[in-house]
Amino acid sequence: MSKLRSLIEFLTIGFLLSTITLFIGNFFGFSLGINFDFLFRILTGFMLLTLLVNLKNIKNILGSSTVFNKFLLLTAINIFLLVLFLLFYPIFHFGSPLIFEDRIVNYKASQEREIVLEESIRQNFLAKSNNLGTIGLKLISKDIIIDAQIIEGINEEEKTKAELFSEKPDKIVFRIKEDKEEIKDYFYENTYELNQGWQTDYFLFGFPIQYESEGRSYIFEIEQIEEGETGKVFLIERNSQGNFNFYPRYVYSLKELKSDYQQILLNISRKTNQFLEEKNNQVNLIFAFLLIEFLIFVFLKKDEKNFIKKLNPYLKYGLLLGLLLIAIASLKVDFIEHIISLKNIVSFLSAYNLTLAFFTITFCFLLFYSNKKKVEKDLEGEKKREEDIEKKRDKEFDKKFPFFAWFNFGYGIGKVWEEGRYFLAIGKIIASPLVWLARLPYVLGRWVHREGVWHALILLLILLNSFFILVNNLDILPLQNDEFLTWDAVKYISSGNFSLTDLKYGSDWSSAEHFYSRGLPYSLGVSSFTYILGDYNSIFNLRIFSVILGIFSLIFFYLFCRLHLQKTLSLIALYFFSIFYLFVYHSRVSRFYSLLLLLFIIISYLFMLFYKNSYAYLKNKEINLKRLLLSNKIIIPISIFLFFIGLKTHYNLFFIIFPILIFSLIYIKNKFIKWMSILVLSMIFMAMIINYYFYNFFPSWYFNSYGSINIHFLEQIYNLFNFPMILLIFFISALIYFKVLPKSIQFSYITFVSIFSFFLFFVNGRAFHDSRYFIFLFPFLMIILIFTIYLIVKNYTNNKTLSVVILLIMGVLLTNKAQIAFVCKENLFFSCPISDETRIFGLDRWNYGYDKIYSIIKENMNEDTLLVGRSLNPYYREKYGISPEQEYIVSRTAERLRHTNYSLEEIKKKDIILVVYPQIVYTANNYLQEYEDVWDYLYNNEDKQIIYQSEEGKALIFRIEKK
Amino acid sequence: MNLPFWEKIKTAVISILEAVIFYILVVIPAEYFLTERFLVFPFLPPDVKTFIFIAILTIIFVINFFSIPPKRFSWLFFIIVFILTGLSAFGYKKYLNYYGELQTYPKIYSVSHEWGIQASLINIEGKNFGPTWQPGRVFVNEIEFRVIFWSPYLVVAEQPIPSGFFKGKLYVQDFDNKRSNGWEFEIKDPGSLE
């Protein structure tokens, strides 16, 4: 018996290895032509057989029969939960029980076929149920791409190309009949228009319900009857069996189902079957089941002596494997497009992203849970050693470096104030900036000595590297859409009409007509720089302020890191953040998000300083408010000042309130502070609810600024990032503020949360291009990420150098794929040639070549010509010397109202240059409506002649001669 | 035969490699001769292949399980198995390219009649005829038959009125003008039939 059992075990191992080997071989094109389903079934059979013959052993492993019974019970619950999931999920996934869509499972398209004129497409199918009422057919629309060329004059062919971008849709006929030779007539036939209007990729063809359809064969046919002019072609997928990607839908009325409830059960079972037949679902379900079984096993065994120790290696390698797979899967959006074998691996893995994330999170959680004491002790020791060395260096500085000590001038304000010599004190206050400057060599020298020369040097190198990355080729790309607004504001401020006396300036409609007042502090900053540097039309001058703000953000980010992390970790976090592509992007454009980021970091840093200074007062139940305020007499006013400056820069700075209040709730013992925090938090939530649902008071008084577009930030957050991002903002960012990491929070817990955020944020990072409103979150996520990786590394080795090396490799692997591949292809360490060729960040808005467009416009204009478009830029109009009277913008956005007024009749009498950006989407609103007639007349004008078409048809310029 | 865990893994790995070598050196050539040379059937179904592979694997697993490990698994043996696996994999990869190239040509495996008269329908079974939406042509020597039905594995053709009666070769020519193997076919005089 024992021999037979051993043989069964051996065969199971053998088949498991064979399946894995063949699967990998098959993936890399080494196919033996094996049917894997067959192999999987045999493997499953052997696995079950092994479990059966080893029941006694499993019982022994678990210890006692009570534990074994618990294991069986929990396994039964696990299975029960899976069954519940299988019953309910498919109903939500595939629609209500009233309908049944008979989709082709595991559909793999082998070709795409274009719908063309005079060629009908036919598909037959067997109806599996009564009440056939709809056919869903997957249609793919693709843009017709025309090569770039400058067109001079006009001929028929070019005219056709130009007309491609008008909006006449393709027309197709759909007809359906029973698939019998004797039946010639179609029972339904109708014409449909193909455009971009449908919401799903399945185009739905509805027809009268066929009540007796079950068991009958049907054939439907699609035929194009009119070719459209949408600039698109429409394709249908076909698999290797020649079937289109379609489904027949059977629809039941509630009345019918009431009379025959069994139909509901049948529909549910059909949906469940469909869900189960999909291979991805099978893998995910098996994986979820096994993972839960593993957790049950660990839970039952956790108290056993040495169990965790034995488990540790498996957890370590499991976690490492998970992280590696995530890193590979995250390459999906990057630079692997041309390497087919890599692309296959990445697409395969990224299909199981969620499974990978759960696997990694589980292993990470268990690993840290089992090692928390050891790691806490290590980290405590490291931090304490570092702090002791710093204290020692701080003390010895004056003796060791008498030259620097000479610069240690005192302010002496407090002392003379206490002595009652107020005039002298005021004089000292006035002179204090000079004292501050004179003390600078002492402060810097002491700081460098305390930090260590090497660390200070590396910090300097990182800042230099970042500065060169940010400033290199700063003006090589033209101003992009939103940067024109900054230019607009700077131009107005520089004209001399702007006054700071009225904080409401720019807030009321009549006085703000010519001025973009959003992000006012930033505009003032840029204006100062352009004033010093001389020219507000220079792209470099407009952008350099963001570069400076970026460097200051890095400095304060480092200071913030040093409050929590060890030096090496802080430097690594700083380096990765300094080359993080969103940071680079926002620090290179003339927009106020760089200021928002800086202010958020500074205020966070000041809050932590406040907490550090006040710890002695805050830890007691009673509070001495006077002493608390006195010990923070500089920090509090500066923070409040910056907070209000920040609110005027962007409303989202308000979010800083949440982590501060939540932190206060969690870590500050004093009851007064706790209740105050609860009160303020509740008031804020109330205010937000009132603002959102009842009365919109945010855009008034100080908060007002013309062109504010994101006052409804709740909705904005939800739309942009959905629920997980809300978690990040309200919850995780609060966790950044813990004072001493090891003691205040369980590693297992923070790792659990941060791995999730890291997966969510970095793996999907490239999809977050609209993340500018939440730029302030990224540095904090970077800290969490680096710290998490460090914790992981701590579990693998006690060797510090090795830890740093692994940390760097993992950091590069997990966070910096995008920078290395795209931003800094050459000269990684000291410059970053961002140019047209690199197409930084894939952002389309920078790739319009406005200079080319306007030079062609200028060539084709004379004194009487009118320039018309929906997105014309006054910056270029001025640059090319086009009079404002010659410009007519056929849209009015809330942010810019400039336009000249012409009636349609007047326009008809003028020579027109019409500029069209077909790929820029315009949302119709009330402002636009009055100009739509003008637009329709010009855009659909049959006499328009194309004079320029940019690459991929992104910009078109037409000439329309007066009648 | 209670093998230690790592010994089981080692034995299993060697068994898999042996099975792969055996499969590549015996089953694949057999498949080639049966499907491409002697035209016994168009292809070996994946289920049959899987069954054969699993049978080979199981037999080798059982043999290795009951054999005495030290005697068989010497270092020399390991090296030989790995080299053989590498060589067979390399050869198999080359063969797959060649086999893929072969699958671009139509091939006839059977014809419903060895002869025909005008208007008679002939079912031609084979492979690689091309998809339904890309029908090709059917010839007996220079006479072109009318294609009634076209699919990758079956073509139904109708014989036209011939210019003469003779024994010739029947070909299928696909959409890309690639010709299949010839099949003996006689165009008969309807008058000669009783």
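Structure's up top.
Being a predicted model, the structure only gives us computed values, none of them experimental. (Residues numbered from 1 in each chain as written. Chains lettered and ligands numbered in written order. Predicted model: local features only at pLDDT ≥ 70, side-chain atom pairs only at ≥ 80, totals over all residues. Heavy atoms only, no water.)

Which parts of the structure should I look at to understand the overall build of chain A?
Counting secondary structure elements, chain A contains 36 helices and 15 strands. Out of the 963 residues in chain A, the part that is buried amounts to 49%. When contacts within chain A are restricted to residue pairs at least 6 apart in sequence, long-range pairs at least 24 apart make up 77% of them. Carbon together with sulfur atoms contributes 62% to the accessible area of chain A, which is approximately 48200 Å² in total. (Helix = DSSP H or I, 4+ residues; strand = E, 2+ residues; numbered from the N terminus. Buried < 20%, exposed > 50% of the residue type's maximum accessible area, 1.4 Å probe, protein only. Contact = heavy atoms within 4.5 Å. Areas by Shrake-Rupley, 256 points an atom, 1.4 Å probe, with all protein chains shown as cover.)

Would you mind going over unusual backbone geometry with me for this structure?
Generally, phi is negative for residues other than glycine and the peptide bonds are trans, each holding for most cases. Residue and element names in this part refer to chain B. Of note, leucine 39 is a non-glycine position whose phi angle comes to about 50°, a positive value. Note that leucine 39 resides in the loop between helix H1 (5-37) and helix H2 (46-66). With a phi angle near 70°, alanine 119 is a residue other than glycine that sits in the positive phi range. Along the polypeptide, alanine 119 turns up in the loop between strand S2 (115-116) and strand S3 (121-127). You can call alanine 119 exposed: its relative accessible area is 52%.

Teacher, can you tell me more about the nonpolar core here?
Among soluble globular proteins, nonpolar side chains are generally buried collectively. Ranked by size, the top nonpolar core spans 130 residues in total, and within it Phe557, Phe577, Ile853, Tyr854, Ile857 and Leu867 of chain A carry the most contacts. Ranked by residues supplied to this core, first place goes to helix H21 (residues 593-618) of chain A with 18 residues. Apart from residues lying up to four places away in sequence, leucine 867 of chain A is in contact with Tyr854, Ile857, Met861, Leu872, Ile882, Gln886, Glu887, Tyr888, Ile913 and Val915 of chain A. Counting 31 residues, the second-largest nonpolar core is a separate cluster that includes Phe15 of chain A together with Ala19, Ile56 and Tyr99 of chain B. (Core = buried A, V, L, I, M, F, W, Y, C linked by side-chain atoms within 4.5 Å.)

Looking at this structure, I do not really get the pattern of salt bridges. What am I missing?
By the definition in use, this model includes 26 salt bridges over all chains. Residue glutamate 9 of chain A is joined to lysine 8 of chain B by a salt bridge in which the shortest nitrogen-to-oxygen separation is 2.9 Å. Residue glutamate 9 of chain A is found in helix H1 (residues 2-27), and its partner lysine 8 of chain B is found in helix H1; the two belong to separate chains. As far as the burial class goes, glutamate 9 of chain A and lysine 8 of chain B line up, both buried. Ionic pairing is found between glutamate 184 of chain B and lysine 169 of chain B, a salt bridge with its closest N-O pair at 3.1 Å. Taken together, the residues glutamate 184 of chain B in strand S8 (residues 183-187) and lysine 169 of chain B in strand S7 (residues 166-173) connect sequence positions 15 residues apart. Judged by its relative accessible area of 46%, glutamate 184 of chain B is partly exposed. Here the salt bridges share partners, and the residues they tie into one network are Arg122, Arg175, Glu189, Glu221 and Glu223 of chain A. (Salt bridge = Lys/Arg side-chain N within 4 Å of Asp/Glu carboxyl O.)

Hey, could you run me through the side chain of serine 594 of chain A in this one?
Residues and elements named next belong to chain A. Counting through the fold element by element, serine 594 comes out in helix H21. At 3.0 Å, the side chain of serine 594 forms a polar contact with the side chain of serine 546. There is a polar contact of 3.3 Å between the side chain of serine 594 and the backbone oxygen of arginine 591. For serine 594, the contacting residues outside a window of four places in its chain are Tyr522, Ser546, Leu549, Ser553 and His586. (Polar contact = N/O pair within 3.5 Å; in protein donor to acceptor, adjacent residues only side chain to side chain.)

Help me understand helix H32 (residues 850-859) of chain A in this model?
Residue and element names in this part refer to chain A. Looking only at H32, the buried set comprises Tyr850, Ile853, Tyr854, Ile856 and Ile857. Down the axis of H32, the smallest arc covering the buried residues is 160°, so these residues share one side. Each element contacted by the buried residues of H32 is listed here: helix H16 (483-494), strand S11 (866-869), helix H33 (874-879), strand S13 (912-916), strand S14 (945-949) and strand S15 (956-960). (Arc of directions from axis to C-beta.)

Any chance you could explain the sheet that holds strand S3 (residues 121-126) of chain A here in plain terms?
Two orientations exist for strands paired in a sheet by backbone hydrogen bonds: parallel and antiparallel. All names here are of chain A. What the 4 strands build is an open sheet, ordered S3-S8-S5-S6; its pairing is antiparallel. Strands at the two margins of the open sheet, each flanked by one partner only, are S3 and strand S6 (188-194). Averaged over all pairs of adjacent strands, the angle between strand axes in this sheet comes to 20°, irrespective of strand direction. For strand S5 (residues 170-178) and strand S8 (residues 217-226), the ladder comprises 8 bridges, and the chain directions are antiparallel. Within S8, the residue paired with lysine 177 across the bridge is isoleucine 219. (Pairing = 2+ DSSP bridges. Axes fitted to C-alpha atoms, helices over the stretch in contact; angles between N-to-C directions.)

Explain the sheet that holds strand S1 (residues 107-111) of chain B to me, please; I cannot follow it from the model alone.
Residues and elements named next belong to chain B. Strand order across the open sheet formed by 8 strands is S1-S3-S6-S5-S4-S7-S8-S2, with mixed pairing between neighbours. At either end of the open sheet lies a strand with only one pairing partner, and these are S1 and S2. Here S3 runs beside strand S6 (residues 154-158); their pairing, made up of 5 bridges, is antiparallel. Residue pairing in the sheet places isoleucine 124 in a bridge with valine 155 of S6.

Looking at this model, I keep getting lost on the packing of aromatic side chains. Mind explaining?
Between two aromatic rings, the relevant description is the distance of the centres plus the angle of the planes. Residue and element names in this part refer to chain A. In the structure shown here, the tally under the stated rule is 58 aromatic pairs over all chains. Note on phenylalanine 529 and phenylalanine 545: the rings are 5.3 Å apart at their centroids and 45° apart in plane angle, and the pair reads as tilted. Of the two residues, phenylalanine 529 sits in helix H17 (residues 520-533) while phenylalanine 545 sits in helix H18 (residues 539-564), which places them 16 residues apart along the sequence. Phenylalanine 545 sits in the buried class, given a relative accessible area of 11%. (Phe/Tyr/Trp six-rings, centres within 6.5 Å; stacked < 30°, edge-to-face > 60°.)

How should I be thinking about the pairing of S11 of chain A in this particular structure?
A regular strand carries its side chains on alternate faces of the sheet. Residues and elements named next belong to chain A. Neither face of S11 is exposed, since Leu866 and Val868 on one face and Leu867 and Gly869 on the opposite face are all buried. Of the strand pairs in this sheet, S11 and S13 are connected by 4 bridges, and their pairing is parallel. In the sheet register, leucine 866 faces S13, and the bridge partner there is isoleucine 912.

Help me understand the interface of chain A and chain B in this model?
Size of an interface: often given as the accessible area lost when the parts come together. Listed per partner, the contact involves 28 residues of chain A and 31 residues of chain B. For the pairing of chain A and chain B, the buried interface totals around 2600 Å² over both sides, and the portion due to carbon and sulfur atoms is 76%. Three residues, Phe10, Phe30 and Leu32 of chain A, lead the burial of chain A against chain B; their summed loss comes to 25% of the area buried on that side. Counting across the interface, chain A meets chain B through 1 salt bridge. Run the count over chain A and chain B and you get 5 residue pairs in polar contact (both at pLDDT 80 or more). Mapped by element, the contributors of at least two residues to the side of chain A that touches chain B are H1 and helix H2 (36-53) of chain A. With 14 residues, the single largest contributor to the side of chain A that touches chain B is H1 of chain A. In terms of residue class, the side of chain A that touches chain B is built from 14 nonpolar, 11 polar and 3 charged. (Buried area = accessible area lost by both parts, 1.4 Å probe. Nonpolar A, V, L, I, M, F, W, Y, C, P; charged D, E, K, R; others polar.)

Would you take a moment to explain a nonpolar patch on the surface for this structure?
Residues and elements named next belong to chain A. Where nonpolar side chains cluster on the molecular surface, the patch consists of Leu73, Ile77, Ile79, Phe80, Leu81, Val83, Leu84, Leu87 and Phe88 and spans about 820 Å² of accessible area. Within the secondary structure, phenylalanine 80 sits in helix H4 (residues 65-93). Overall, the relative accessible area of 51% leaves phenylalanine 80 in the exposed class. (Patch = residues over 30% accessible without salt bridge, like charges linked within 9 Å, V, L, I, M, F, W, Y side chains within 5 Å.)

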